[in-house]
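Structural description and commentary
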Amino acid sequence: MKTLKILFVVLTLAILLFSAYESAMVLKAYQNTQTIKRHWLNDQVIKIRFQDVPTERINMLLSVEDPGFFEHNGVDFETPGAGYTTISQALCKAMYFDNFKPGFAKIEQTLISVLVLDQHFSKEEQLNIFLNTAYMGHINGRGIYGFANAARVYFESEFNSLTDQQFLALVAMVVAPNGFNIKTNPTQNEERVKRIQKLLAGEYVPKSLTDIYYQQEI
């Protein structure tokens, strides 16, 4: 009986300490938000704006990457095909963490996404940052970031000159930028584009939250 009481006290203390730590991390994120906004929302970072991207293409991107984006509060554990990481959480990882490691950091990422990032960055601001900073694979040892840079590297084209097929090829990369790399893994990219096209046409409906690869026969 005494052992059980000791275990209960230890567990209670551990929970309190963990809660205090996570609260401190959220508070720190909140205090740093204005500095983070100035860094990520300046003209040197934002080269293309979602308002200048055709609505149809924004819908293509969100249907694949974050179908509940305009409805959720930073996280989405319900929408089929959404996966475990929303656009808000991806931005949180890039903007609020210097060295993100899976585990407890995922809890912090979720809390900060809901309590800080989604409260202080509008959905439009989040999309602007995502379009300009999303990791789009490595080519010749160099990381490619943002859709405008990716358009030049992979298609030698300006972003606003991409065809729908080329835009979808970039969208197909986002979930695994090197696994579906247009230049280094073209077959995998083409296959994923076909699956995405079926999704957009309504010919495939994701079966669960984690059905992000649309695993049906083509």
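Residues numbered from 1 in each chain as written. Predicted model: local features only at pLDDT ≥ 70, side-chain atom pairs only at ≥ 80, totals over all residues. Heavy atoms only, no water.

1. Some remarks on the side chain of D76
Locating D76 in the fold gives a position in the loop between α2 (55-65) and α3 (87-96). One buried charged residue, D76, remains without a salt bridge, the closest side chain of opposite sign being K123 at 9.1 Å. For D76, the side chain forms a polar contact with the main-chain nitrogen of E78, separated by 3.0 Å. Side chain to side chain, D76 and T79 meet in a polar contact 2.6 Å long. Contact partners of D76, with chain neighbours within four places excluded, come to G68, A82, G83, T86 and L209. (Helix = DSSP H or I, 4+ residues; strand = E, 2+ residues; numbered from the N terminus. Buried < 20%, exposed > 50% of the residue type's maximum accessible area, 1.4 Å probe, protein only. Lys, Arg positive; Asp, Glu negative; His and termini not counted. Salt bridge = Lys/Arg side-chain N within 4 Å of Asp/Glu carboxyl O. Polar contact = N/O pair within 3.5 Å; in protein donor to acceptor, adjacent residues only side chain to side chain. Contact = heavy atoms within 4.5 Å.)

2. Looking at the packing of aromatic side chains
In total, this model carries eight aromatic pairs according to the counting rule given. Between F159 and F167 the ring centres are 6.1 Å apart and the planes differ by 70°, which places this aromatic pair in the edge-to-face class. Of the two residues examined, F159 and F167, each falls in the buried class. When the ring centre of F69 is taken as reference, the NZ or CZ atom of K123 above it lies at 4.6 Å. Here the guanidinium or amino end of R192 rests over the ring plane of F180, the centre of that ring lying 5.4 Å away. (Phe/Tyr/Trp six-rings, centres within 6.5 Å; stacked < 30°, edge-to-face > 60°. Lys NZ or Arg CZ within 6 Å of the ring centre and 35° of its normal.)

3. Some thoughts on unusual backbone geometry
One non-glycine residue, N140, adopts positive backbone phi at about 55°. Its relative accessible area of 80% is what places N140 among the exposed residues. Positive phi, normally seen in glycine, also occurs at Y214, with a value near 50°. By secondary structure assignment, the location of Y214 is in the segment after α8 (186-200). With relative accessibility at 1%, the residue Y214 sits in the buried group.

4. Overview of the packing of α2 against α8
As a packed pair, α2 and α8 sit with axes 11 Å apart at the nearest point and diverge in direction by 105°. Here α8 runs roughly perpendicular to α2, going by the angle between their axes. Taking contact as the criterion, the partners of M60, S63 and V64 in α2 are, on α8, R192, I196, L199 and L200. In terms of residue class, the contact of α2 with α8 is made up of five nonpolar, one polar and one charged. (Axes fitted to C-alpha atoms, helices over the stretch in contact; angles between N-to-C directions. Parallel < 35°, antiparallel > 145°, perpendicular 65-115°, else oblique. Nonpolar A, V, L, I, M, F, W, Y, C, P; charged D, E, K, R; others polar.)

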